[in-house]
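Read off the chains here:
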Protein chains: 4
Amino acid sequence: MTKPLNIGMIGYGFMGKAHTNAYASANHFFPELEYKPVLKAVCARNKDKAQVFADTWGYESVETDWREMLKRDDIDAVDICTPNNLHKEIAIAAAEAGKAILCEKPLAMDVAEGEEMCEAVEKAGVPNIVWYNYRRLPAVTLAKQLIDEGRLGRIFHYRANFLQDWTINEDVPQGGAATWRLDADAAGSGVTGDLLAHCIDTAVWLNGLVKDVSAMTETFVKERPDAETGEKKPVKIDDACSFMCHFQNGSLGLFESTRYARGHKALYTFEVNGEKASLKWDLHDLHRLEYFDHADDSVVRGWRNIHVSDGDQPYLDHWWVPGLQIGYEHSFIHQVADFLAGYEKGNPVAPTFRDALETQKICDAVLKSAHDHSWVEIS
Amino acid sequence: MTKPLNIGMIGYGFMGKAHTNAYASANHFFPELEYKPVLKAVCARNKDKAQVFADTWGYESVETDWREMLKRDDIDAVDICTPNNLHKEIAIAAAEAGKAILCEKPLAMDVAEGEEMCEAVEKAGVPNIVWYNYRRLPAVTLAKQLIDEGRLGRIFHYRANFLQDWTINEDVPQGGAATWRLDADAAGSGVTGDLLAHCIDTAVWLNGLVKDVSAMTETFVKERPDAETGEKKPVKIDDACSFMCHFQNGSLGLFESTRYARGHKALYTFEVNGEKASLKWDLHDLHRLEYFDHADDSVVRGWRNIHVSDGDQPYLDHWWVPGLQIGYEHSFIHQVADFLAGYEKGNPVAPTFRDALETQKICDAVLKSAHDHSWVEIS
Amino acid sequence: MTKPLNIGMIGYGFMGKAHTNAYASANHFFPELEYKPVLKAVCARNKDKAQVFADTWGYESVETDWREMLKRDDIDAVDICTPNNLHKEIAIAAAEAGKAILCEKPLAMDVAEGEEMCEAVEKAGVPNIVWYNYRRLPAVTLAKQLIDEGRLGRIFHYRANFLQDWTINEDVPQGGAATWRLDADAAGSGVTGDLLAHCIDTAVWLNGLVKDVSAMTETFVKERPDAETGEKKPVKIDDACSFMCHFQNGSLGLFESTRYARGHKALYTFEVNGEKASLKWDLHDLHRLEYFDHADDSVVRGWRNIHVSDGDQPYLDHWWVPGLQIGYEHSFIHQVADFLAGYEKGNPVAPTFRDALETQKICDAVLKSAHDHSWVEIS
Amino acid sequence: MTKPLNIGMIGYGFMGKAHTNAYASANHFFPELEYKPVLKAVCARNKDKAQVFADTWGYESVETDWREMLKRDDIDAVDICTPNNLHKEIAIAAAEAGKAILCEKPLAMDVAEGEEMCEAVEKAGVPNIVWYNYRRLPAVTLAKQLIDEGRLGRIFHYRANFLQDWTINEDVPQGGAATWRLDADAAGSGVTGDLLAHCIDTAVWLNGLVKDVSAMTETFVKERPDAETGEKKPVKIDDACSFMCHFQNGSLGLFESTRYARGHKALYTFEVNGEKASLKWDLHDLHRLEYFDHADDSVVRGWRNIHVSDGDQPYLDHWWVPGLQIGYEHSFIHQVADFLAGYEKGNPVAPTFRDALETQKICDAVLKSAHDHSWVEIS
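What comes next concerns the included structure. Computed from a predicted structure; not experimentally measured. (Residues numbered from 1 in each chain as written. Chains lettered and ligands numbered in written order. Predicted model: local features only at pLDDT ≥ 70, side-chain atom pairs only at ≥ 80, totals over all residues. Heavy atoms only, no water.)

### Describing the overall build of chain A
Each helix and strand counted, chain A has 11 helices and 17 strands in total. For chain A, whose C-alpha radius of gyration is 21 Å, the value lies close to the compact-globule estimate of 21 Å for 379 residues. In terms of overall dimensions, chain A has a C-alpha envelope of 65 × 55 × 40 Å along the principal axes. In chain A, buried positions account for 67% of the 379 residues. Contacts spanning at least 24 positions in sequence make up 69% of the contacts within chain A whose residues lie at least 6 apart. Charged side chains of chain A number 39 positive and 58 negative; the gap between the two group centres comes to 0 Å. (Helix = DSSP H or I, 4+ residues; strand = E, 2+ residues; numbered from the N terminus. Rg over C-alpha atoms; globule rule 2.2 N^0.38 Å. Buried < 20%, exposed > 50% of the residue type's maximum accessible area, 1.4 Å probe, protein only. Contact = heavy atoms within 4.5 Å. Lys, Arg positive; Asp, Glu negative; His and termini not counted. Charge placed at Lys NZ, Arg CZ, Asp CG, Glu CD.)

Right under this line is the structure:
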């Protein structure tokens, strides 16, 4: 018999759906888990919309004030799917209420907020994790495994892109439920916190901490209509951001993100070049990993295109048979499965708030560097 | 409020899992559906294993005799996930019991069986469908849409492969729960019914009926151990099968399937060449469709690699956002969603038993042609 | 100092240009060769056009009657670039005149002609070779090397396509200098002799002789204008041809060629599946070879995409540096280089007329099988 | 009848071979040219090696002192294939001697040298060009054409990489004939002048001038043996260099080059993202261009993979037939053909020394920025 982990979800948008699906599915595919999420309550200001979401997914109740939800004894864990500017307040309150916390990325609006959040969860001793979900796509987890096994040797280069094209049209508004990511007040930054944060989380996980950065940002469209009023307002977020960096292991990093790369929907790619081997991955074919092993016999040496769908590859003994791919949403299911396994044992599960703070530090440094036109050390 | 469609599942193997997941998920992503599957019972001879499966997925009860399950009034629809040699008997009994039927592919051991099954469901007037799931991968559905819109013009060529490599090792046994597909008594045929049947179903759907075939089969490994006794026994299935054909629309077909194509796990591919355009798809990157439009300006003409993940492409308004891919299992979810929509309206949903009988006719003709070394007309 | 090999070229079309470039370039890149081609004469009925060609390439003289050219003592080797229906007469006369012969493919209009040609060159003892040039693309030569080293083990499958789309338009004429390949009188057959002959030559080289075939041909456009008169005439060639076969080594073959595969300009592809490894190649990326080695560690196993441009890969120590690709024309340069090396030592260089006769036998059997709708043994 | 352009070649290494092949082949494929190169003399300090080269390629004479060669009246044009540190002196002397000059890239050791060279050729009024050959690969020329036609609209992003892996081994020496590119005295810089210079030349050609740069360089291997003495010496070149930049048209640039990217032999790639369309290219498949046109109907929108081998694409009416690819060396043949056409008309042919000076300015700024850890304006 499984034990319940009662979930209180805050938000019902795109991420609310992805997380809820993970709670609903994890135990089907990971039946060995002791704990099983129970969809206890969903919270949102708009009660009608929250009720529709609750009905669709089977949440037992609806709340309109997250403070009320935090008071409920029948909630064990809180999932924060709000815009970034609410993460801190909710997370600290949730920690104080003794709830486990699963927080959307990026952790916070800035490092100062993130520090407070880390202190709160650590003081309260509550399980905490941030939804940097891409770590748990099997091909990405396999990349981590290969690097940790030493197959790449000394690392020389790490490069990552996150390319989108959905804001090229000047009529895309800022603010509102669908486009709060273009509103600096709600999002904190543009592509840096939204896209680069993913790239940085993976990079730090795979290749270690960063020493310093030099960055460049650009806002191509200077004014956009407000999503609610239609009034044209200055755009304060970064439409594009690139940076160079040194990792602490001596390797060089190069990162770019933009929402103006025509032809790319959500092309997150990374490549790692080591002395002995290299690897490449991209989100548009997330079930594949490319791997080059210099030890291969020279006449037949080439990039191997690995279809990551076999039972001896990460997570895949829980799914189908070789050759049958899984998709985007499975990264969330894996994160829930790992979180539940850690919850059972009382172990922290990465990326914790503290792990995510490292990414926040780099994001802040990137924005400062772009502002100051100078290299910035990561403290 | 949704209405229940009470499901009785027969079998708990790979397909039982894929179908059950579809029943559990369909209404989350297609909340407009009126009917919602309820996992009422799972049936299998081994009660303990069936109980584990029921616990994992939330089936309310377990049966060990499918005849008993068919007697239950609280079962509306029966899902047949047994080896092929049981399809006919169960399906006919289920039809007589007035159950809706969702039957694994291939429909039957041969055309004669299939005819009986068609007659039974048509006489009983029960909803019926066969799990040729690949039709409902968005990229494949998109291919159908493009052909139906006339974008390809007159079709000249249709070619399809289904390449695997999992039986090359001579120690892979035949028979038993995991390898009944190598046992002619349980499976009827080898790759023809297992793999080519998928290729043929898609082909007939996209390109219409077939006039005649010339086929070749081979059994590379002549003896394999029995899965239960370990005793070496002659292999009676086809390890590989190729055939050429004429479609009724005048185009030429070329098909191949094998379990001896080293390097290919489950590489189902098809390509259609028309006067005005061509398209290509493969299961190892099932979220992509390649499309060549001869009307493009000649200097920039080339195969377009379409990442089928946008809301205006089939089924995808129900999933994530552009660039985020779905996987194999979603084909089953789509089939359940379409079946439920048809069930509500009383409409048949393809591929019905009758549709699947066309594929069975071609499979039978292929096996006869290979046996006789001659062309065989499809009756 | 090099020794001259005086070349008499018959024809000045596409192939005349490709061969002449090879004669002009071979010694630049293979300076170790003892013999060096000298462009002594080009022969064509149209003197003006022949003269233009001679001026462009530096041929010393022009002939309008190949019989006259064969009489010249200052011609050592004759290159036959005429339509297929002239190969036999010229080759036999050239052999009788004691000339070395380099003959365009296919060898002849049929096996009977080919037999006569083989007998003539063997009786005369003159060096002879047929321009199945694709063997000498480095990636294809590497495939041969890998198979010969036993890296693939027992072969199960060989499949090849040659897909074009240039005759879909019904206004493309038949006959004449540019489109004699659509005229059965000049070409003997359509895609079978033009395209499949290449596929078969490579297949026999890589995988050995063929036992029997079952083929299907089609002529999609039934009438075309005559290139000279404009008058509509029945089309007598095969627009498309597919065949299945058994190789003598027990493997299965599947071949297809067509000029109606919209989107493919000259897509010659082959794939070989062996017990231990597989390989794939295609002409549109002729500098690459894909290779799958089942012995690779399973978690990092995948198709290797080999960029065949390194000095330890076939022919490439004669060219540039790793990563810099060569192209189509280099296959001819390599054939000339190998022919000159054999000429110096008095060794036959494959594919000789006798080698090419094997391909002719299979082509003839394919056409007979398509005509008779039955399997045909290769004698 | 053609007119001779008498060539004096200085150097006989890799580039000497590539250029000489272009002189020998250009008129075969571009027979409309009025001028035809004549291989008059090759100059190198080592007379024996120069003689071998002359014999292989048909140079009429050998010189050992370039000053002597410049005195010869029978030399019309000088090709400078020496290490970079000799470009200036030879070029200025050649200009003063009234010779046309074809100079290897990069133009010079630095901007100061380059300015002198520009002044010399402009004062003398001699035709001059630099071998930034990649502009004349048909796919790259096609990219230029598409941008100039306005198909991309406003440009947002330009990114380019040049990735190699041949110096990872610490035993690769510096200096000497084969590895002078690792010797700062001969080469001036490492990957910046060798690889990034190519990327920059293309970028400026396609996307216009650069305003400012922020760069980072690294030398991973600190000491290497001297190629002649074997003695370990500090490495003074840059092993890797990345930079960010602003173009004058408001777009952002991101560039990287390295010789430590395991798995990449010579992977020069660029991508341009515009408002209306994007394009991508890479040197490992130099005959292809990828193109994304946002105007395509949305359900079939995708990156088009253009096989640049058709007669209506740049330069290709001079080569084979659709589907048959050309290679690396053809870029040089096209440059010679264009140079000869300009020579005939008295027109400058890009990239002239003055054009190449722009690239030199950016290279110098990149090195200064990396040294100073600050943004540097391009003067």
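Anyway, onward from the coordinates.
### Comments concerning the relation of the copies chain D and chain A
Least-squares fitting of chain D to chain A yields an RMSD of 0.0 Å, with the transformation described by 0.0 Å of translation along the axis and a rotation of 180°. Here the two chains are linked by the operation of a two-fold rotation axis. Taking C-alpha positions as the reference, the residue of chain D nearest the rotation axis is S374 of chain D, at 3.0 Å. Interface overlap between copies is the fraction of interface residues in one copy that are interface residues in the other; for chain D against chain A it reaches 100%, indicating a shared surface. (Least-squares fit on C-alpha atoms with pLDDT ≥ 70 in both.)

### Quick look at the packing of aromatic side chains
Residues and elements named next belong to chain A. Scanning the entire structure with this criterion turns up 117 aromatic pairs over all chains. Plain terms: the ring middles of F29 and W320 are 5.7 Å apart, the flat faces sit at 75° to each other, and that makes the pair edge-to-face. Pair noted here: F29 is in helix α1 (residues 14-29) and W320 is in the loop between β16 (303-307) and α10 (330-345), with a separation of 291 residues, a long-range link. Using a relative accessible area of 3% as the deciding quantity, one classes F29 as buried. (Phe/Tyr/Trp six-rings, centres within 6.5 Å; stacked < 30°, edge-to-face > 60°.)

### A closer look at the packing of helix α6 (residues 138-148) of chain A against helix α9 (residues 191-207) of chain A
Residues and elements named next belong to chain A. Across the interface, α6 lies against α9 with an axial gap of 9 Å and an inter-helix angle of 30°. When the interaxial angle is binned, α6 and α9 end up roughly parallel. Residue-level contacts link V140, T141, A143, K144 and I147 of α6 to T202, W205 and L206 of α9. (Axes fitted to C-alpha atoms, helices over the stretch in contact; angles between N-to-C directions. Parallel < 35°, antiparallel > 145°, perpendicular 65-115°, else oblique.)

### What to know about the interface of chain B and chain A
Residue-level contacts link 37 residues of chain B with 37 residues of chain A. Carbon and sulfur atoms supply 57% of the area buried between chain B and chain A, which totals about 3100 Å² over both sides. For chain B, the biggest contributors to the area lost against chain A are K265, W320 and Q325 of chain B; these three give 22% of the whole. On inspection of chain B and its partner chain A, the count reaches four salt bridges. Between R288 of chain B and D285 of chain A there is a salt bridge whose closest N-O contact spans 2.7 Å. Looking at the side of chain B that touches chain A, the elements with two or more residues in it are α1 (14-29) and α2 (47-57) of chain B. The dominant element in the side of chain B that touches chain A, judged by the number of residues it contributes, is α1 of chain B, at eight residues. (Buried area = accessible area lost by both parts, 1.4 Å probe. Salt bridge = Lys/Arg side-chain N within 4 Å of Asp/Glu carboxyl O.)

### Focus on the relation of the copies chain B and chain A
Each of the two chain copies can be brought onto the other by rotation about an axis and movement along it. Each copy of the sequence occupies a distinct position, and chain B is placed on chain A by a rotation of 180° and an axial shift of 0.0 Å, giving an RMSD of 0.0 Å. Take the interface residues of chain B: 100% of them recur as interface residues in chain A, which is what a same-surface contact looks like.

### Quick notes on helix α5 (residues 111-124) of chain B
Residues and elements named next belong to chain B. Between its first and last C-alpha, α5 extends 20 Å over 14 residues, near the 20 Å set by a 1.5 Å rise per residue. Three or more residues of α5 are buried, namely V111, E113, G114, M117, C118, A120 and V121. Capping the start of α5, D110 holds a side-chain oxygen 3.2 Å from the backbone nitrogen of A112, two or three residues further along. Positioned one or two residues after α5, G125 has a phi angle of 70°, which is positive. (Expected span 1.5 Å × (residues − 1). Polar contact = N/O pair within 3.5 Å; in protein donor to acceptor, adjacent residues only side chain to side chain.)

### Some details on the pairing of strand β5 (residues 100-103) of chain B
Residues and elements named next belong to chain B. The alternating pattern of β5 places A100 and L102 on one face and I101 and C103 on the opposite face, and all of these are buried. Note: strand β4 (residues 77-80) against β5, four bridges, orientation parallel. Within β5, the residue paired with I80 across the bridge is C103. Note on the crossover from β4 through helix α4 (residues 87-96) to β5: the handedness is right-handed. As defined by bridge partners, β5 adjoins strand β6 (residues 128-130) across three bridges and the pair is classed as parallel. Across the sheet, residue L102 finds its bridge partner in β6, namely I129. (Pairing = 2+ DSSP bridges. Right-handed = clockwise from strand over helix to strand, strands pointing away.)

### Quick notes on the interface of chain D and chain A
Across the boundary between the two partners, chain D contributes 43 residues, which contact 43 residues of chain A. Buried area between chain D and chain A, summed over both chains or domains, comes out near 3500 Å², and the portion from carbon and sulfur atoms is 61%. The interface formed by chain D and chain A includes two salt bridges. Of the charged contacts in the structure, one is a salt bridge between R159 of chain D and E256 of chain A, with a shortest N-O distance of 2.6 Å. Taken together, the connections running from chain D to chain A amount to 17 residue pairs in polar contact (both at pLDDT 80 or more). Mapped by element, the contributors of at least two residues to the side of chain D that touches chain A are β7 (155-163), β8 (210-218), β11 (240-247), β12 (252-258), β13 (267-274) and β14 (277-282) of chain D. Classifying every residue of the side of chain D that touches chain A gives 19 nonpolar, 15 polar and nine charged. (Nonpolar A, V, L, I, M, F, W, Y, C, P; charged D, E, K, R; others polar.)

### Describing the pairing of strand β14 (residues 277-282) of chain A
Residues and elements named next belong to chain A. Two elements, strand β13 (residues 267-274) and β14, share five bridges in a ladder whose sense is antiparallel. Bridged to N273 within β14 is S278. Two successive antiparallel strands, β13 and β14, enclose a turn made up of two residues. Here β14 runs beside strand β15 (residues 288-293); their pairing, made up of four bridges, is antiparallel. Residue pairing for β15: L279 is matched across the bridge by Y291.

### A few points about the side chain of T219 of chain C
Inspection of the secondary structure assignment puts T219 of chain C in the loop between β8 (210-218) and β9 (223-225). Those residues within four positions of T219 of chain C in sequence are excluded, and the remaining contacts are V235, I237, D238 and D239 of chain C.

### Here we look at the sheet that holds strand β1 (residues 3-10) of chain C
Residue and element names in this part refer to chain C. Spatially, the six strands line up as an open sheet ordered β3-β2-β1-β4-β5-β6, and their pairing is parallel. Each having just a single partner strand, β3 (61-63) and β6 (128-130) make up the two edges of the open sheet. Taken pair by pair, the neighbouring strands of this sheet meet at an average axis angle of 25°, ignoring direction. Sheet topology places strand β2 (residues 35-43) next to β3; three bridges connect them, and they run parallel. Bridge assignment links C43 to a residue of β3, and that residue is E63.

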